[in-house]
Amino acid sequence: MALIVQKFGGTSVGSPERILKVAERALRTKRDGHQVVLVVSAMGHTTDELLELMEKIAVRPNPRELDMLLSTGEQVSIALVASAISAIGGKGISLTGAQAGIRTEPLHTKAKIADIQTDRLRQLLADDHIPVVAGFQGITYNGEICTLGRGGSDTTAVALAAALKADMCEIYTDVSGVYTADPRVVPEARLLPEISYDEMLELASLGAQVLHPRSVEYAKQYNLFIRVRSTFDEGLGTVVKGVNELENQTPVRGVTADLNQAKVALKEVPDRPGVAARLFGALSDRGINVDMITQSVRGEQTNDIGFTVTKEELERAVQVTEEVGREVGAKGVVSDEDVAKVSIVGSGMVNHAGIAAKMFQALADGQINIQMISTSEIKVSCVISRSQAQQAVRLVHNAFHLGAPLPAVEAT
Ligand code: ASP
Ligand code: MG
């Protein structure tokens, strides 16, 4: 008997018919002799719709009220999924994050899970129930509902699996697993049978939408296998795990584009110690996450400092940069939203020379200008113009022959 946590995303529970299918799959796993805990997302586009609703009421909603509102999406799903399980002969029981013992830190709309009290879940499992837990939410020690950031149900599932010492965490979604590139952009993209935590972490943070980055961090920390697979077919999907045997044969595992990036530059900053510390200190004090950073030498006395942030944080980042700019006597601040970050990822990269050069050449062949570059041991990222992002992904995918040779690609 294994303990399996199964998480179903918004599309998978998007209609009554689909909810029944989810219930059947969970009950089948239970009847195969396993213990099952389900984690579900809000149905379809519910979370987006709730956000739109709030936008009509308040331009800058109170984060506490936003969490109160958003957490209802998952509560609809759990009640329906638990009822579906019971309707077909199982013992489904819905639990909110709080009822499932999920405690979060007190940070509305992007809380981290602080700890999970599993007593109630264990009791229910021992009693042959299939608990259906609301993803994306938890409660603080002061009793406030907090959500975990968009896509956070994955993190709920992995954290629960770790806390329960589950044998496997299965993430059911509307794609067949993790691909070498987004198959909607690159039709010949290939399904990866396995991928390492580090590679998945990079891909997830770089904009591949399959898994919430924090869920991969937890899985790595607890050495928990995640299987990403489709709700709509029986394919085995992709296993995310520690070691990757294929690593050295394929230095580049995948290519991805992040369209949610914006660029900010502080122009003609006096070249003296402490300026970068002042700017990035001020940004971090306001909780703004900076991604890529460049500093270029303009002349004898001045530099330009450029960096990227997510689009949501652009306005605040520009404000802070303007403040600091005035203080240090910079010439001005410019920003650009029409950018994208295209990246290649692979843990085998460290052992192979010329990987970055090959990527730059592929972009050059497409007349694509590179505005910023950053590298790590397992990735190379380039900021380019947004309108060229898809073309860039195709060119780079092709340059590294990621589409071939083929273990059969499954239809999505
Ligand atoms: N419903 C939330 C969202 O759309 C959480 C999730 O689905 O993972 O972001
Ligand atoms: Mg998701």
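Check the entry above for the structure.
All figures in this text were calculated on a predicted structure; none of them were measured in a lab. (Residues numbered from 1 in each chain as written. Chains lettered and ligands numbered in written order. Predicted model: local features only at pLDDT ≥ 70, side-chain atom pairs only at ≥ 80, totals over all residues. Heavy atoms only, no water.)

Caption draft 1: Inspection of the overall build of the protein chain at higher detail. The helix and strand tally for the protein chain stands at 11 helices and 18 strands. Relative to the 2.2 N^0.38 estimate, which gives 22 Å for 412 residues, the radius of gyration of the protein chain is 23 Å and therefore close to what a compact globule would have. Each principal axis of the C-alpha distribution contributes one length, and for the protein chain these read about 75 × 50 × 35 Å. For the protein chain, the residues scored as buried account for 52% of the 412 residues in total. A sequence separation of at least 24 residues applies to 75% of the contacts in the protein chain between residues at least 6 apart. With an accessible surface of roughly 18,800 Å², the protein chain has 50% of that area assigned to carbon and sulfur atoms. (Helix = DSSP H or I, 4+ residues; strand = E, 2+ residues; numbered from the N terminus. Rg over C-alpha atoms; globule rule 2.2 N^0.38 Å. Buried < 20%, exposed > 50% of the residue type's maximum accessible area, 1.4 Å probe, protein only. Contact = heavy atoms within 4.5 Å. Areas by Shrake-Rupley, 256 points an atom, 1.4 Å probe, with all protein chains shown as cover.)

Caption draft 2: Spatial organisation of the side chain of Thr231. The topology assignment puts Thr231 in the loop between β11 (226-230) and β12 (238-241). Residue classification places Thr231 among the buried residues on the basis of a relative accessible area of 13%. Polar contacts involving the side chain of Thr231 include one to the side chain of Ser12, which spans 2.6 Å. (Polar contact = N/O pair within 3.5 Å; in protein donor to acceptor, adjacent residues only side chain to side chain.)

Caption draft 3: Representation of the pairing of strand β16 (residues 332-345). Bridge analysis of strand β13 (residues 254-270) against β16 gives 11 bridges, and the strand direction is antiparallel. Directly across from Gln261, in β16, lies its bridge partner Val339. With seven bridges connecting them, β16 and strand β18 (residues 379-385) associate as antiparallel partners. What sits directly across from Ile344, in β18, is Val380. (Pairing = 2+ DSSP bridges.)

Caption draft 4: Quick look at the nonpolar core. Judged by nonpolar contacts, the single largest core of 45 residues is most densely connected at Val133 and Met200. Not counting residues within four places of it along the chain, the set of residues in contact with Val133 comprises Val37, Leu38, Val39, Val40, Ile78, Leu95, Ala100, Ile102, Leu121 and Leu160. In this structure, Tyr179, Ala181, Val255 and Ala362 belong to the second largest nonpolar core, which totals 24 residues. (Core = buried A, V, L, I, M, F, W, Y, C linked by side-chain atoms within 4.5 Å.)

Caption draft 5: View of the site of ligand 1. The immediate surroundings of ligand 1 are formed by Ser41, Ala42, Thr47, Glu74, Phe136, Arg150, Gly151, Gly152 and Ser153. Within the backbone of Gly151, an N or O atom sits 2.8 Å from an oxygen atom of ligand 1. At 3.4 Å from an oxygen atom of ligand 1 is found a main-chain nitrogen or oxygen belonging to Gly152. Bound to the protein, ligand 1 loses 86% of the 260 Å² it would expose on its own. Partitioned by chemical class, the residues of the shell around ligand 1 number two nonpolar, five polar and two charged. (Near = heavy atom within 4 Å. Nonpolar A, V, L, I, M, F, W, Y, C, P; charged D, E, K, R; others polar.)

Caption draft 6: Highlighting the packing of helix α1 (residues 16-31) against helix α3 (residues 63-87). The contact between α1 and α3 brings their axes to 8 Å, and the two run at 60°. Considering their axes alone, α1 and α3 lie oblique with respect to each other. In the packing of α1 onto α3, the handedness of the crossing is right-handed. Touching Ile19, Leu20, Val22 and Ala23 of α1 are Leu80, Val81, Ala84 and Ile85, all from α3. A class-by-class count of the residues in the contact of α1 with α3 yields eight nonpolar, no polar and no charged. (Axes fitted to C-alpha atoms, helices over the stretch in contact; angles between N-to-C directions. Parallel < 35°, antiparallel > 145°, perpendicular 65-115°, else oblique. Left-handed = near helix turned anticlockwise from the far one by under 90°.)

Caption draft 7: Representation of the packing of aromatic side chains in the model. Tallied over the entire structure, the rule returns two aromatic pairs. Aromatic pair Phe8 and Tyr172: ring centres 4.6 Å apart, planes at 10°, arrangement stacked. Taken as a pair, Phe8 in strand β1 (residues 3-8) and Tyr172 in strand β9 (residues 168-173) lie far apart in primary sequence, 164 residues in all. Tyr172 matches Phe8 in its accessibility class, with the two residues each being buried. (Phe/Tyr/Trp six-rings, centres within 6.5 Å; stacked < 30°, edge-to-face > 60°.)

Caption draft 8: Quick peek at the pattern of salt bridges. Following the criterion strictly, the structure yields 21 salt bridges and no others. Note that Arg28 is salt-bridged to Glu234, the shortest N-O span being 3.9 Å. With a gap of 206 residues between them, Arg28 in helix α1 and Glu234 in the loop between β11 and β12 connect regions that are remote in the sequence. The exposure class of Glu234 is exposed, given its relative accessible area of 52%. Each of Arg25, Arg28 and Glu234 takes part in salt bridges that share partners, so that together they form one network. (Salt bridge = Lys/Arg side-chain N within 4 Å of Asp/Glu carboxyl O.)

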